[in-house]
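# Close look at the chain arrangement
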Amino acid sequence: MSNKIAPIRSVKGTRDLLPPETGLWQRVEDESRRTFAAYNFQEIRTPILEATALFSRSVGEDTDIVMKEMYTFDDRDRESLTLRPEATASVVRAYIEHSLFNEGRLHKLYYIGPMFRRERPQKGRYRQFYQIGAEVLGSDHPSIDAEMLEMLVLLLERLGLSGFSLLLNSVGCSKCRPQYVKTLRQALQSVKANMCADCQRRADTNPLRVLDCKVEADQPIIERLPHIVEHLDPECRQHFDAVTADLDERGVAYTLSPRLVRGLDYYTRTTFEITSSVLGAQNALLGGGRYDGLSEMIGGPPTPGFGVAIGEDRLVLAVAEAAKDKTGPAASQLDVYIAWMGDAALAPATVLARQLRRDGLRVEIGYEPAKLKKSLGLASKLGARFAVIIGEGELSTGRYQVKDMSAGAQKELEPAQIAEYLKAALAK
RNA sequence: GUGAGCGUAGCUCAGCUUGGUAGAGCGCCAGACUGUGGAUCUGGACGUCGGGGGUUCGAAUCCCCUCGCUCACCCCA
């Protein structure tokens, strides 16, 4: 009976972004580009598709991302490809591939684009999600870390956010971190019996993750576990102290978070995260850190690096939340609606529309003949600031009616005067 | 991968407990108002009640299965 076919929907965890919401995304991206430019970052665009090995080597063979979240498939020639789950590895790959390290300076790069991870979707977490990232390659100077954090705080402020906090930690380097993990594992042996089931498991598989546990009853136990910052080797300790001192000088507020552990293997020394209370369970707005060993992991020369990934979906969520209290109505999307009546008016109306558009005005014109009443209704619905009325009377006098939609007043003008008049009126 | 909640008009939702064959608000269309929108009034269109099966004389309502969405766990941006 029913021969109706089921409509095709967007795949799970992906979504369409429609106007007017896309306006918010544009604002977030514009503000990001402007802020990055102020700190002399330039845009890099890398492919969304990469060789699978790029991520398994850099992000880490036994991380959740690589083990169970990547969209990986064999290309027709059997090469294993992956939809990028993050972009830092790609940026470093490009840096190596184009020998940018030969230029004898550091590189400050940013990117904006989609990433893919096959997780169960929830608030602030999607299978196709967007990251805005920035990377500094070619130096391990602590001021790079501090400057980036200063920049990020500026960006969030410019976007009107206030309820966020910067969490800071150091995870040491390839030399001192294993020592610490060993110490931590030993410390856990005696107390893990009193902890939640997850922690008992993590105590053996990934002790660092225990520090991240949110179970209330475990907190006092975690408080007493050794902190990594107390087990850094002298070089890492000195680096971390320099970063915090620099942040203090810049007046950037932060909270030392000995329990901040990041989930990607390539991080060394400084790690950070900015969280926001408006986001729900996925409260990390952005995160990142230093990755001094990453280049070598993927076959490049030793190259220190520091970077951030901002969750654009979450940032948009937070900005929308912050803007809720403000009463400001949405800005008008349209400057002029041209209402014409009668076949004879179509050609002059089209000419006027073209002229106004060339003058940079946002113009809409009805395509089908319509009564004036209907046209003005449409103009109103579209939020047009002005309407131009062209009918029999206007054609005979050669002067068109220009109506201010909010005031209701209208004025008779010759076609040649309209552009100037509207531009002046709209500038107010 | 696991758990919970929810799927009824374009949107937001009521109706379900106590089965009797579908409602509100908003939006949309038209008219009152023959070339002047936003207000008001009047009228109108629009539903496989997510899908399938079962119970029943009768199912949006009860039962089973299934799909989808959402939130949470996990992990991260």
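Now for a quick tour of the structure. Everything numeric here is computed off the predicted structure, so don't read it as measured data.

So, how was this worked out
- Residues numbered from 1 in each chain as written.
- Chains lettered and ligands numbered in written order.
- Predicted model: local features only at pLDDT ≥ 70, side-chain atom pairs only at ≥ 80, totals over all residues.
- Heavy atoms only, no water.
- Patch = residues over 30% accessible without salt bridge, like charges linked within 9 Å, V, L, I, M, F, W, Y side chains within 5 Å.
- Areas by Shrake-Rupley, 256 points an atom, 1.4 Å probe, with all protein chains shown as cover.
- Salt bridge = Lys/Arg side-chain N within 4 Å of Asp/Glu carboxyl O.
- Lys, Arg positive; Asp, Glu negative; His and termini not counted.
- Charge placed at Lys NZ, Arg CZ, Asp CG, Glu CD.
- Helix = DSSP H or I, 4+ residues; strand = E, 2+ residues; numbered from the N terminus.
- Expected span 1.5 Å × (residues − 1).
- Buried < 20%, exposed > 50% of the residue type's maximum accessible area, 1.4 Å probe, protein only.
- Arc of directions from axis to C-beta.
- Contact = heavy atoms within 4.5 Å.
- Core = buried A, V, L, I, M, F, W, Y, C linked by side-chain atoms within 4.5 Å.
- Pairing = 2+ DSSP bridges.
- Axes fitted to C-alpha atoms, helices over the stretch in contact; angles between N-to-C directions.
- Phe/Tyr/Trp six-rings, centres within 6.5 Å; stacked < 30°, edge-to-face > 60°.
- Lys NZ or Arg CZ within 6 Å of the ring centre and 35° of its normal.

### Some words on a negative patch on the surface
Residues D74, D75, D77 and E79 make up a contiguous surface patch of negative charge. With respect to the helices and strands, the residue D77 is situated in the loop between β3 (71-74) and β4 (80-83).

### Things to note about helix α1 (residues 21-38)
The end-to-end C-alpha distance of α1 is 26 Å, a good match for the 26 Å that 18 residues give at a rise of 1.5 Å each. Listing the buried residues of α1 in full gives W25, V28, E31, S32, T35 and F36. Each buried residue of α1 sits inside an arc of 130 degrees when the element is viewed along its axis, so together they form one side. Exposed residues pointing more than 90 degrees away from the buried face of α1 are listed as Q26 and A38. If you follow the buried residues of α1, they end up packed against β5 (107-116), β6 (128-137), α5 (142-158), β11 (305-311) and α12 (312-323). N40, located one to two residues past α1, shows a positive phi value of around 65 degrees.

### Section: the nonpolar core
Counting residues in each nonpolar core, the largest one holds 62 residues, and the members touching the most others are F41, M148, F272, I310 and L315. Residue contributions to this core peak at 9 residues, all from α5. The residues contacting L315, other than those within four sequence positions of it, are V28, L156, L159, L161, L285 and I310.

### A closer look at the sheet that holds β5
Pairing is mixed in the open sheet, where 8 strands are placed in the order β1-β5-β6-β11-β10-β9-β7-β8. Unpaired on one side and paired on the other, β1 (42-43) and β8 (255-256) mark the two borders of the sheet. Where strand β7 (residues 164-170) meets strand β9 (residues 268-276), 7 bridges bridge the pair, whose relative direction is antiparallel. Bridge pairing in β9 places S165 opposite T275. Those strands touched by α1 are β1, β5, β6 and β11, and its axis lies near 5 degrees from that of β6. Across the sheet, helix α4 (residues 88-97) touches β5 and β6, and the angle it forms with β6 is around 45 degrees.

### Structural notes on the packing of aromatic side chains
Scanning all chains against the criterion turns up 8 aromatic pairs. Pairing F386 with Y421 gives two aromatic rings, centres 6.4 Å apart and planes at 75 degrees, and the pair type is edge-to-face. Remark: Y421 occurs in helix α16 (residues 415-427) and F386 occurs in strand β14 (residues 384-390); sequence separation between them is 35 residues. An aromatic cluster is present here, built from F36, F41 and Y110 joined pairwise through their rings. Here R15 stacks its cationic end above the ring of Y126, 3.7 Å away from the centre of that ring.

Any link to function would need more than the numbers given here.
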